[in-house]
Amino acid sequence: MDVNSHAEELASDLGVDKEEVKDDLQNLLEYSVPIDEAKQSVRRKHGGGGGGSTPTPDSVDVGEVTTDHDGVTVTVKVLTQGTRTIRYQGDDLTIREGEIADETGVISYTAWQDFGFEPGDSLTIGNAGVREWEGAPELNLNDSTTVAIADEEVEVEREVGGDRSLVDIDAGDRGRNVEVRVLEVDEKTISGRDGETEILEGVLGDATAKLPFTDWQPRSELKPGADLRIEDVYVREFRGVPSINLTEFSTVTPLPDPVEVAEDAPRLSIAEAVGSGGMFDVEVVGNVLEIRDGSGLIERCPECGRVVQNGQCRSHGEVDGEDDLRVKAILDDGTDTVTVVLDDELTAEVYGGGLADALDAAKDAMDKEVVAEEIADSLVGRAYRVRGNLSVDDYGANLDASEFELAADDPAEHARAALAEVGE
């Protein structure tokens, strides 16, 4: 049903001008307000309350729900629930999010009020709206939705509760619980929606993986070496990898026993790593094919740190760039390629000198490119082991290196072995 049809239906129910209703709906939809919430808001504005003439939808299985449905009734088991605050039409609203399931499938939900249910409850949810969320249907539970205990227990072959290992955390997860060791913590001040905001950023680890985190309500328990159980977090994608977010509703509890943390990063073929869509800590081995433009001596914007081209920053216009060192190398293991990015310290190691040395060499040669050329002569054609954080987007795959050293094994042979193992 398009906006015109929704507007016509509402205008008929409320006895008001269709164009006015249509304008109200479009304004709300522009802010990504779900259509059912938008319709309820328009009803309230025009004195129509939260009701309306729409009958309770027929019951459907979760596996049958599509974004073509305006509303559905489902009987399900609650798998997870997380709580956080969002800014909606200028107001802070507390929402509940998670997953529900029946024997036919799993679907995420957002509840715009507290219906009082918990993970493990079997419910019949009536007149839930449907929207698309991250490419899949999601149920919206609003003030026209009814929630009741189901007549019978809903049996599902799904894990109830939010406990997960870090390797099983995905962007978009909500209501997750993790038991981790804090590996790194930095205090930062950012410009938030309410002005300057103090946050904590860092890295968490367990026996399966390491992931970045942000604590939006800085807690003293989050300090390097602390072993913690953290409940009710949600997960965003940050630079191509899942990032754990703690809110005012998250709880942090010290653990009595130490959490085992994996010391080594998983070593994958480049094809496997790129195919994952992004990894926070991964190791690959390959041959350097070439050094890309933008390597060697570069200039960065003093405001944002972006690379300056011809004295121009994409964000701040004309600036006096600050000199820096960087390498962007194409690494190939026979399965795929990735752009490896070395920071100033790793670049100094492979160049054999620091920024002052590079500036002197460029001055003597009267050409800044001499630094990149010397680095290329040193790296191209040789095999390297690279560890770091991998991001994958529409522009390709980039591996920000934390370790870069000559490989002791044949990358092509390693890639063949890794692919053979996957095929078994």
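Scroll up to find the structure this text is about.
Residues numbered from 1 in each chain as written. Predicted model: local features only at pLDDT ≥ 70, side-chain atom pairs only at ≥ 80, totals over all residues. Heavy atoms only, no water.

### Points about the nonpolar core
If you look at soluble globular proteins, the nonpolar side chains tend to sit buried side by side. Selection rule: The set of buried Ala, Val, Leu, Ile, Met, Phe, Trp, Tyr and Cys residues whose side-chain atoms join them within 4.5 Å is what this entry labels a nonpolar core. The buried label applies to any residue whose accessible area, calculated with a 1.4 Å probe on protein chains only, is under 20% of its type's maximum; exposed applies above 50%, and partly exposed to all values in between. By definition, any uninterrupted DSSP run of H or I lasting at least four residues is a helix, any uninterrupted run of E lasting at least two residues is a strand, and each is numbered from the N terminus. Note on contacts: a residue pair is in contact if any heavy atoms of the two residues lie within 4.5 Å.
Counting 33 residues, the largest nonpolar core has Val340, Leu379, Val386 and Phe404 as its most contacted members. In terms of residue count, strand β14 (residues 278-291) provides more of this core than any other element does, five residues in total. Contact partners of valine 386, with chain neighbours within four places excluded, come to Val282, Glu283, Val284, Leu331, Val340, Leu399, Ala401, Glu403 and Phe404. By size, the runner-up hydrophobic cluster in this structure holds 22 residues, among which are Leu200, Ala226, Leu228 and Val235.

### Quick notes on the pairing of strand β2 (residues 82-88)
For clarity, the cut-off: Two strands form a pair only when DSSP identifies at least two bridges running between them.
For β2, a buried count of five out of seven residues is recorded, marking the element as mostly surrounded by other parts of the structure. Sheet topology places β2 next to strand β3 (residues 91-102); seven bridges connect them, and they run antiparallel. Along β3, the bridge assignment pairs glycine 82 with glutamate 97.

### With respect to the environment of glycine 105
Among the secondary structure elements, glycine 105 is positioned in strand β4 (residues 105-111). Residue class for glycine 105 comes out buried when judged on its relative accessible area of 9%. For glycine 105 and glycine 63, which are 42 residues apart along the polypeptide, the C-alpha to C-alpha distance reads 4.9 Å. In this view, glycine 105 contacts Val62, Gly63, Ile100 and Arg158; residues no more than four positions away in its chain are not counted.

### A closer look at the pattern of salt bridges
As a reminder, the rule being used: Salt bridge, as applied in this entry: a Lys or Arg side-chain nitrogen positioned within 4 Å of an Asp or Glu carboxyl oxygen.
For the coordinates displayed, the defined rule picks out 23 salt bridges. Note that glutamate 153 and lysine 77 form a salt bridge whose closest N and O atoms lie 2.8 Å from each other. Remark: lysine 77 occurs in strand β1 (residues 71-78) and glutamate 153 occurs in the loop between β7 (146-149) and β8 (174-192); sequence separation between them is 76 residues. Judged by relative accessible area, which is 49%, glutamate 153 ranks as partly exposed. Look at lysine 77 and you get buried, because its relative accessible area is 10%. Among the ionic pairs, glutamate 97 bridges to arginine 174, the shortest N-O distance being 3.0 Å. Placement of glutamate 97 in strand β3 and of arginine 174 in strand β8 is noted, with a sequence separation of 77 residues between them. In this structure, glutamate 97 and arginine 174 share a single accessibility class: buried. Within this structure, Arg267, Asp281, Glu283, Arg385, Arg387, Glu403 and Glu405 form a network of salt bridges that share partners.

### What to know about the packing of aromatic side chains
Worth spelling out the cut-off: The pairing test for Phe, Tyr and Trp rings, Trp by its six-membered ring, is centres within 6.5 Å, and the orientation test on the planes gives stacked under 30 degrees, edge-to-face over 60, and tilted for anything in between.
Tallied over the full model, the rule gives three aromatic pairs. Where tyrosine 384 meets phenylalanine 404, the ring centres are 4.4 Å apart and the plane angle is 10°; that geometry is what we call stacked. Of this pair, tyrosine 384 sits in strand β20 (residues 383-393) while phenylalanine 404 sits in strand β21 (residues 396-406), and the two are 20 residues apart along the sequence. Of the aromatic side chains, those joined through ring pairs into one cluster are Tyr109, Phe115 and Phe117.

### Description of the side chain of aspartate 173
Under the convention used in this document: Between N or O atoms, a polar contact is any pair within 3.5 Å; within protein, one atom must be a potential hydrogen donor and the other a potential acceptor, and residues adjacent in sequence are included only when both atoms are from side chains.
Within the secondary structure, aspartate 173 sits in the loop between β7 and β8. A polar side-chain atom of aspartate 173 sits 3.3 Å from a polar atom in the side chain of arginine 176. Contacts of aspartate 173, omitting those with residues within four sequence positions, involve Asp168, Val233, Tyr234 and Val235.

### Overview of the state of the cysteines
Counted only if it meets this: Defined by distance alone, a disulfide is two cysteine sulfur atoms within 2.5 Å.
In this structure the tally under the stated criterion is zero disulfides. We note that cysteine 301 lacks a disulfide partner, and the nearest cysteine sulfur, in cysteine 313, lies 3.7 Å from it. Looking at the unpaired cysteine 313, the closest cysteine sulfur is the one in cysteine 304, lying at 3.6 Å. The buried category is assigned to cysteine 313, whose relative accessible area is 5%.

### Some remarks on the environment of alanine 101
You can see alanine 101 is positioned in strand β3. Sequence spacing of alanine 101 and glycine 63 is 38 residues, and the spatial spacing of their C-alpha atoms is 8.9 Å. Sequence-distant contacts of alanine 101, that is, excluding residues within four places in its chain, are made with Val62, Val76, Lys77, Leu79, Val106, Val154, Val156 and Arg158.

### Quick look at a negative patch on the surface
Rules: Here, patches come from residues exposed beyond 30% relative accessible area and free of salt bridges, joined within 9 Å for like charges and within 5 Å for nonpolar side chains (Val, Leu, Ile, Met, Phe, Trp, Tyr). Accessible areas in this description were obtained via Shrake-Rupley with a 1.4 Å probe; residue shielding takes into account the shown protein chains only. Only four residue types enter the charge count, namely Lys and Arg as positive and Asp and Glu as negative; His and the chain termini do not. The atoms used to mark charge sites are NZ of Lys, CZ of Arg, CG of Asp and CD of Glu.
Together, Glu290, Asp293, Asp367, Glu369, Glu373, Glu374 and Asp377 make up a region of like negative charge exposed at the surface. Ranked by the residues each element gives to the negative patch, the list is headed by helix α7 (residues 369-379), at four residues. Tracing the backbone shows glutamate 369 in helix α7. Since its relative accessible area comes to 45%, glutamate 369 is described here as partly exposed.

### Re the pairing of β3
Pairing geometry for β1 and β3, over two bridges, is antiparallel. Paired with valine 78 across the strands is isoleucine 100, a residue of β3. As paired strands, β3 and β4 are joined by seven bridges and run antiparallel to one another. Counted as the bridge partner of glutamate 97 is threonine 110 from β4.

### Points about helix α2 (residues 18-29)
Note: α-helices contain 3.6 residues per turn, so residues at a spacing of three or four share the same orientation. The line we're drawing: To estimate the expected span of a helix, subtract one from its residue number and multiply by 1.5 Å. As used here, the arc is the angular range of directions from the helix axis to the C-beta atoms.
Helix length check: α2 (twelve residues) gives 16 Å between terminal C-alpha atoms against 16 Å at 1.5 Å per residue, within 8%. Every buried residue belonging to α2 is among Val21, Lys22, Asp24, Leu25 and Leu28, and all of these are buried. All buried residues of α2 lie within an arc of 160° about the axis, which places them on one face of the element.

### Thoughts on the environment of glycine 162
Positionally, glycine 162 belongs in the loop between β7 and β8. As a C-alpha pair, glycine 162 and valine 235 span 73 residues in sequence and 12 Å in three-dimensional space. Setting aside its immediate chain neighbours within four residues, glycine 162 contacts Thr80, Gly175, Arg176 and Asn177.

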